[in-house]
Amino acid sequence: MRFYTLFLSGCFLLPAFLAAQNTNDSIAEPVDSTHVYYYLSNTDSLTLDKLHHVDTMLQGVQNYDPIYRQSRFYENLGNVGLPAKNMIFNPTINPGFTFSSSSSHIYLYDPSQLKYYRPLKPYTDLYYVMGPEKEQYFRGVHSQRISRNFTFGIDFRFIFSPGIYERRKADDKNLNITGQYFTNNKRYGIIGAYVHNKNKFEESGGIKYDSLFTQNLEDDRRIYLPRLEDAENTIKWSSVYLDQYFFISPIKKTVNDTLDSIPAPERKFHLGKLSHTFKWSRQQFAYRDNNPLSDFYTPHDPPLDSTSTMDSLFVTKLENHVGWSNLGPKDQPEDKAVYVHFGIKHQITKVGDTLKDRTFHQLIPGGGFSIFLLKSFRLNFDLNIVTGDYNGGDFDARAQIKQFLGTRDRNLGLITLEASLTQRMPDWFFQQYNGNNLRWENSFARQEYIIGKVNYRYKNLKAGARLYQLKNYVYLDSLAHPRQHGPSFSIFQLFIDKAFNFGKFTTDLSLNFQQTSNNKIIHLPDFAGLFNIYWTKSLFRSAAIIQPGIGVRYHTAYLADAYMPALRSFHNQSDTEIGNFFVADAYINVKIKRVRLFLKYAHGNAGLTGYNYFGAPHYPLKDARIYFGLSWMFYD
């Protein structure tokens, strides 16, 4: 506890000390007021000048659903805002305690993935989409500089979609509020965020009789009976995030004359940068069903309460991390011959459910280095070791080699080789859970992940291969109970993403191949692909742009995981295959100055080759439908 108190003291004493510093230099800022810039997640992105342009391009504006913006291939429940699972195996591995990697997280704002805008003038982006059955999607982003040193931002998203099948309504509300403060010369900076999510969605368990859909016996999808008649999930996630840094050596002031600011000579030696990160979050999950004796639960555990189900649990987490690196105010890791960083994280997690709660303490030291040689070769290495309660003994070691085929400035592409070895305890969810219809208490062994990756990138081409070697892997079996598979097995992947330009035509191609040596434990499609072609034309002396196009998605048939509403998770099953169908969208995008519009005929080929288009077992995808959307940006 004394160590934790020191962390908290540092959080408040460091800004107080720095407030007394007299800094008169100009803060490094974007100079083009016609563009809006942002950086991601933490202050390192800004102090290292890793600014990104806000996307004002027309292509892709029709893809409003977050699951198709983050990854292109998802098993889903046939409605926006509902839980989804990535078809491409890509485990989330973070050092320290993890309760669960929920399938609903893709529709939640995560403080570690926020955008912090650096607008020279107030910036606003309003994005609205309307679809059939009163489906609505709205996102509003606003950021502006309140003073020379302080910037405020707000981002609100609302998803409301009743769906075309019974008991599939999604009602998601997500908010984040950000603030940024930097001294004039950026020797000290702090950013913060408050994030609040409330996602509420009905649970159907899928349709009761798949044959009614596959034979298309009824056009009115509301008539199809759900497997669950009165179940719903609610997820609440609130978090507070603070990240601050301080360059130990003073930053030399610029010398101002009447025309320009003349930079002072760069310091040849400096003492590096201190950083501190504070995170607090509370997640609450509630599953309600007024019919716990439903046939849907018959294969599972007998109910503790036969009158109603109200499974609730919470996860509260508090983290502090302090670190040091040898970066100076003007340094870039890409340019620095030797880059060194290390730090230590203290993590407190409290988990509680309807029966009991438990608290875990973890101390996680970590660090790494990077070496740059011959203007073309870079070696990176990182190591994290976990001590303390449940995850004590976990570790994560990663090495990466980057080699330009030429020099960094003139080359024929970049080859990246990565290797990692991770040993970590399974998510706590797999060890202990107490629900009305599902419950368990396990003592699984530590899992092992050995991962190798090779990537090649050149202009608009990305290609590569990945190999996962898994041991003591934990998964949910056909009864939605955790199981551990001791022997090691592997997953091999190949991928290629390429854009082709032919005059005014552009095609985007994404191909993914996967093979597993144990298809009884992890079920994956052997192939998943996307093809998108569009034609771009300027009109009225470039005052407007039109872009009609067609996008097609496909994946091979496989035994996709079934969805268990009571756990908000997908689990193994071996009865039903889905896949081997195309989903084609026709669209036209229009841009008039800073207004972007689209009209999309989604899944226009529905029913042309049969009615086998399921997003997950017992969850048909939507039929053909029309969407209209508008994005309007203001930044001057």
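Residues numbered from 1 in each chain as written. Predicted model: local features only at pLDDT ≥ 70, side-chain atom pairs only at ≥ 80, totals over all residues. Heavy atoms only, no water.

Our focus in this paragraph is the overall build of the chain. Secondary structure assignment for the chain yields five helices and 39 strands. Within the chain, buried positions represent 51% of all 636 residues. (Helix = DSSP H or I, 4+ residues; strand = E, 2+ residues; numbered from the N terminus. Buried < 20%, exposed > 50% of the residue type's maximum accessible area, 1.4 Å probe, protein only.)

This paragraph deals with unusual backbone geometry. Residue Lys186 is not a glycine yet carries a positive backbone phi of 60°. By secondary structure assignment, the location of Lys186 is in the loop between strand E9 (170-182) and strand E10 (188-203). When its relative accessible area of 8% is taken as the criterion, Lys186 is described as buried. In this structure, Ser542 is a non-glycine residue whose phi angle is positive, near 70°. Here Ser542 is to be found in the loop between strand E31 (537-539) and strand E32 (544-555). Its relative accessible area of 57% is what places Ser542 among the exposed residues.

The alternating pattern of strand E39 (residues 625-634) places Arg625, Tyr627, Gly629, Ser631 and Met633 on a buried face, while none of Ile626, Phe628, Leu630, Trp632 and Phe634, on the opposite face, is buried. Across seven bridges, strand E6 (residues 123-130) lies against E39 in antiparallel orientation. Paired with Tyr128 across the bridge in E39 is Leu630. Across eight bridges, the pairing between strand E36 (residues 595-602) and E39 is antiparallel. Note that in E39 the partner of Tyr601 across the bridge is Ile626. (Pairing = 2+ DSSP bridges.)

Another aspect to go through is the packing of aromatic side chains. Scanning the model with the defined rule gives 37 aromatic pairs in all. With a centroid separation of 6.4 Å and an interplanar angle of 50°, the aromatic rings of Tyr123 and Tyr635 are classed as tilted. Separated by 512 residues along the polypeptide, Tyr123 in strand E6 and Tyr635 in the segment after E39 bring together distant segments of the chain. For Tyr123, a relative accessible area of 1% puts it in the buried group. Pairing Phe213 with Tyr613 gives two aromatic rings, centres 5.1 Å apart and planes at 90°, and the pair type is edge-to-face. In this pair, Phe213 sits in helix H4 (residues 210-214) while Tyr613 sits in the loop between E36 and strand E37 (614-616), placing the two residues 400 residues apart along the sequence. (Phe/Tyr/Trp six-rings, centres within 6.5 Å; stacked < 30°, edge-to-face > 60°.)

Once that is clear, we can look at the nonpolar core. Here is a general trend for soluble globular proteins: nonpolar side chains tend to be buried in one another's company. Core analysis: the largest hydrophobic core is formed by 38 residues, its most contacted members being Phe99, Phe429, Leu438 and Leu567. Contributing elements (two or more residues each) for this core: strand E11 (231-247), strand E14 (273-289), strand E15 (309-325), helix H5 (428-431), strand E26 (473-476) and strand E33 (562-564). For Phe99, the contacting residues outside a window of four places in its chain are Leu313, Val315, Val351, Asp427, Trp428 and Phe429. Grouped together as the second largest cluster of nonpolar side chains are 19 residues, Met87, Ile207, Val583 and Phe614 included. (Core = buried A, V, L, I, M, F, W, Y, C linked by side-chain atoms within 4.5 Å. Contact = heavy atoms within 4.5 Å.)

Attention shifts here to the layout of surface pockets. Regions of empty space are outlined by a rolling probe, equal in size to a water molecule, passed over the atoms. Taken as a whole, the second largest pocket encloses approximately 620 Å³ of empty space. The wall of the second largest pocket is formed by 27 residues, among which Arg227, Phe296, Pro299, His300 and His618 lie closest to the centre. Among the elements that line the lining of the second largest pocket, the one with the most residues is E33, at three residues. (1 Å grid on protein atoms, 1.4 Å probe; cavity = no way out; pocket = protein on both sides within 12 Å on 5 of 7 lines; lining within 4 Å. Points joined across faces, edges and corners; volume = space filled by probe spheres on them.)

With that settled, the discussion passes to the pattern of salt bridges. When charged atoms on two side chains of opposite charge get close, those side chains can pair. Summed over the entire model, instances satisfying the criterion amount to 16 salt bridges. Two residues, Asp155 and Arg139, come together in a salt bridge whose shortest N-O distance is 2.5 Å. Separated by 16 residues along the polypeptide, Asp155 in strand E8 (residues 150-161) and Arg139 in strand E7 (residues 136-145) bring together distant segments of the chain. Judged by relative accessible area, which is 6%, Asp155 ranks as buried. A salt bridge links Arg398 to Asp396; the nearest nitrogen and oxygen atoms lie 2.7 Å apart. Given the relative accessible area of 31%, Arg398 is considered partly exposed. (Salt bridge = Lys/Arg side-chain N within 4 Å of Asp/Glu carboxyl O.)

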